[in-house]
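Single-letter residue listing:
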Amino acid sequence: MKAVAVFPASREVKSIAVPEPLLATPTDVRLRILDVGICGTDKELCAFKYGTPPAGSDHLVIGHESLGEVVEVGSAVTRVDVGDLVVPMVRRPCPRADCRACAAGRQDFCFTGEYTERGIKERHGFMTEWVVDDQRYMNVVPRALRDVGVLVEPLTIAEKALAQVRLVQQRLPWTASASDSAAGTGHRAVVLGAGPVGLLGAMALVAAGFATFVYSRGGDAGPRARIVREIGATFVAAESTTVAALPQVVGAIDVVYEATGASKLAFDVLPLLGTNGIFVFTGVPGRRAPVAVDTDLLMRNLVLKNQIVLGSVNASRADFEAAIRDLGLFQSRWPRALAALVTGRFPIDAYAEALLRAPADAIKSVVAVS
Ligand code: BGC
């Protein structure tokens, strides 16, 4: 079968032929991969800046945002049936018995750093025709979400971040009484970046009741701004509004959801965070030259304004389940905006177009494997 892989030592990205995987344990399931989304991490992998092949392999099959169809189940499988659409989880527990996070099924909080990630770190990914994996990593997606199910994994970034925000908000007794789905009521959120992670994050924030502002390049008249307006959020064009002017546009900023991976922008916005505010980092920047930050100002603000800065990496089963629920909600509320996130579908043989030569205005490119 075909698979798309990176070969870090020879710095190649190519389509290869690999043997079809077979069920190996009674709890294994076999998937026909339908869609694989491409994100910034894949581009970093293809630039050989990130990622690690499995031990003993000279290559890593990429692809971690996926949607598959169950075609075969082992004799002890109870969670899924043949014909189900599923999104597999990406991160897998480390082997260490003393890692309490992994033992608790929360490998997204792995203490040891020895976790693996399919398509990213020491485990082959999903940009291939067939995949075998254990049922415990499968999340069933309703058929009605066939065309957008590939967005579940990037949405889990926002879901985990929002779950963290809700936990932090519980320190404020008057907010803690709000139900989960209304956690944002009366609060203002700024999303940095209008890529797929930013736009899905904006949808999740709007759905949770936040007055949401998306700060991005791309201009007021562009497709990203249109999506932002369609979901009832406000687009703030970086071309015409400076970072320093953000509080004039937004008012007090309660939450910043960083979705650009650009550390300079993030640290320019951090001093603007409001009282009791929460700043969530989700991007993984490449290493560039250090930038100067006003540490006294930041430290004064953090203390005198009770601020929290948190980083969040994907993702637990609960985050996948929340993403599947929310995707259904987005589809009923904003079908056009949701569909507009997928800007290109490419057959697997055209993987290079999707990965290496995507047009600048692409939002989410998808490799339609079958
Ligand atoms: C993926 C996450 C992963 C992270 C770090 C992201 O692109 O969506 O699942 O944990 O990269 O490797």
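Residues numbered from 1 in each chain as written. Predicted model: local features only at pLDDT ≥ 70, side-chain atom pairs only at ≥ 80, totals over all residues. Heavy atoms only, no water.

Focus: the nonpolar core
Just so we agree on the cut-off: As used here, the term nonpolar core means buried Ala, Val, Leu, Ile, Met, Phe, Trp, Tyr and Cys residues forming a set that is joined through side-chain atoms within 4.5 Å. Buried means the residue's accessible area, taken with a 1.4 Å probe over protein chains only, is under 20% of the maximum for its type, while exposed means over 50%, and partly exposed covers the values in between. Note: domain ranges come from an automatic or database domain assignment. Pairs of residues are marked as contacts when any of their non-hydrogen atoms sit within 4.5 Å.
Leu151, Met203, Leu327, Phe330, Leu338 and Leu341 are the most contacted members of the largest nonpolar core, which has 59 residues in total. Two domains each put at least three residues into this core: domain 1 (2-148 + 342-368) and domain 2 (154-311). Beyond its immediate chain neighbours, meaning those up to four positions away, leucine 151 contacts Leu200, Leu327, Leu338, Leu341, Val342 and Lys364. Val13, Ile33, Ile62 and Val80 belong to the second-largest nonpolar core, a separate cluster that totals 29 residues.

A few points about the sheet that holds strand 16 (residues 278-281)
Selection rule: Here, a strand pair is defined by DSSP locating no fewer than two bridges between the strands. Helix numbering and strand numbering both begin at the N terminus, where a helix is a DSSP run of H or I of at least 4 residues and a strand a DSSP run of E of at least 2. Lines fitted to the C-alpha atoms define the axes, with helices restricted to the stretch that makes contact. Angles between their N-to-C directions range from 0 to 180 degrees.
Here we have 6 strands laid out as an open sheet, ordered 14-13-12-15-16-17, and parallel in their pairing. The open sheet has two edge strands, strand 14 (234-237) and strand 17 (308-311), and neither has a second partner. Taking the axes of each pair of neighbouring strands and ignoring which way they run, one obtains an average angle of 20° across the sheet. With 4 bridges joining them, strand 13 (residues 211-216) and strand 14 adopt parallel strand pairing. Bridge pairing in strand 14 links phenylalanine 213 to threonine 234.

Re the pattern of salt bridges
Just so we agree on the cut-off: A pair is scored as a salt bridge if a Lys or Arg side-chain nitrogen falls within 4 Å of a carboxyl oxygen belonging to Asp or Glu.
A full pass over the atoms with the stated rule returns 21 salt bridges. With its nearest N and O atoms 3.1 Å apart, the salt bridge here joins arginine 336 to glutamate 230. With arginine 336 in helix 11 (residues 335-339) and glutamate 230 in helix 6 (residues 223-230), this residue pair connects regions lying 106 residues apart in the sequence. Here aspartate 268 ties to lysine 264 by a salt bridge, and the two come within 2.8 Å at their closest N and O atoms. Of the two residues, aspartate 268 and lysine 264 both sit in helix 8 (residues 263-269), 4 residues apart, roughly one turn of that helix. For aspartate 268, a relative accessible area of 34% translates into the label partly exposed. Taking relative accessible area as the criterion, lysine 264 reaches 45% and is therefore assigned partly exposed. Taken together, the salt bridges that share partners define one network made up of Glu20, Arg30 and Glu72.

Considerations on the site of the ligand
How we decide: Whether a residue is near a molecule or strand depends on its heavy atoms: it is near if one of them lies within 4 Å of it. The term polar contact refers here to a pair of N or O atoms within 3.5 Å; inside protein, the definition further demands a hydrogen-donor-capable atom paired with an acceptor-capable atom, and it admits residues adjacent in sequence only when both atoms are side-chain atoms. In short, Shrake-Rupley with a 1.4 Å probe defines the accessible areas, and a residue's cover is counted only from the protein chains shown. Classification used: nonpolar for Ala, Val, Leu, Ile, Met, Phe, Trp, Tyr, Cys and Pro, charged for Asp, Glu, Lys and Arg, polar for all others including Gly.
Every residue near the ligand is listed here: Cys39, Thr41, Tyr50, His64, Val90, Glu117, Ile120, Glu153, Val313 and Asn314. Contact distances for the ligand include 2.6 Å between an oxygen atom and a side-chain N or O atom of threonine 41. A distance of 2.8 Å separates an oxygen atom of the ligand from a polar atom in the side chain of tyrosine 50. Burial of the ligand by the surrounding chains reaches 92%, relative to a free accessible area of 310 Å². Looking at the shell around the ligand residue by residue, the class counts come to 5 nonpolar, 3 polar and 2 charged.

Notes on the sheet that holds strand 7 (residues 91-92)
The sheet built from 3 strands is open, its strands ordered 7-8-9 with mixed pairing. If you trace the sheet from one side to the other, it starts and ends with strand 7 and strand 9 (122-123), each paired once. In terms of strand pairing, strand 7 meets strand 8 (residues 116-118) through 2 bridges, oriented antiparallel. Bridge pairing in strand 8 links arginine 92 to threonine 116.

Quick notes on the domain arrangement of the protein chain
Keep this limit in mind: A 1.4 Å probe defines the accessible area here, and the buried area is the portion of it lost by two parts on being joined, summed over both.
Partitioning the protein chain into structural domains gives domain 1 (2-148 + 342-368) and domain 2 (154-311). Here domain 1 and domain 2 have C-alpha centroids that lie 28 Å from each other. Taken together, the contacts link 9 residues of domain 1 with 8 residues of domain 2. Counting the surface lost from both domain 1 and domain 2, the interface buries some 730 Å², and carbon and sulfur atoms represent 62% of this. Inspection of the region where domain 1 meets domain 2 yields 1 salt bridge. In this structure, aspartate 108 engages lysine 160 in a salt bridge whose closest nitrogen and oxygen atoms are separated by 3.0 Å. Between the two partners, domain 1 and domain 2, sit 2 residue pairs in polar contact (both at pLDDT 80 or more). Its residues assigned to classes, the side of domain 1 that touches domain 2 comprises 4 nonpolar, no polar and 5 charged.

Points about a nonpolar patch on the surface
Going by this rule: Patches draw on residues past 30% relative accessible area with no salt bridge. Two like charges within 9 Å are joined, as are two nonpolar side chains (Val, Leu, Ile, Met, Phe, Trp, Tyr) within 5 Å.
Together, Met299, Leu302, Val303, Leu304 and Val309 line one region of the surface with nonpolar side chains, adding up to about 490 Å² of accessible area. With 4 residues, helix 9 (residues 295-304) is the single largest residue contributor to the nonpolar patch. The topology assignment puts valine 303 in helix 9. A relative accessible area of 58% means that valine 303 is categorised as exposed.

Overview of the packing of helix 3 (residues 152-169) against helix 5 (residues 196-207)
Short version of the rule: Roughly parallel means an angle under 35 degrees; roughly antiparallel, over 145; roughly perpendicular, 65 to 115; everything else is oblique. Crossings are assigned a handedness: left-handed for a near helix turned anticlockwise from the far helix by less than a right angle, right-handed for a clockwise turn.
Interaxial distance between helix 3 and helix 5 falls to 8 Å at its minimum, and their mutual angle equals 45°. Relative to helix 5, the element helix 3 is oriented oblique. With respect to the hand of their crossing, helix 3 and helix 5 are arranged in right-handed fashion. In this structure, helix 3 uses Pro154, Leu155, Ile157, Ala158 and Leu162 to contact helix 5, whose residues at the interface are Val197, Leu200, Gly201, Ala204 and Leu205.

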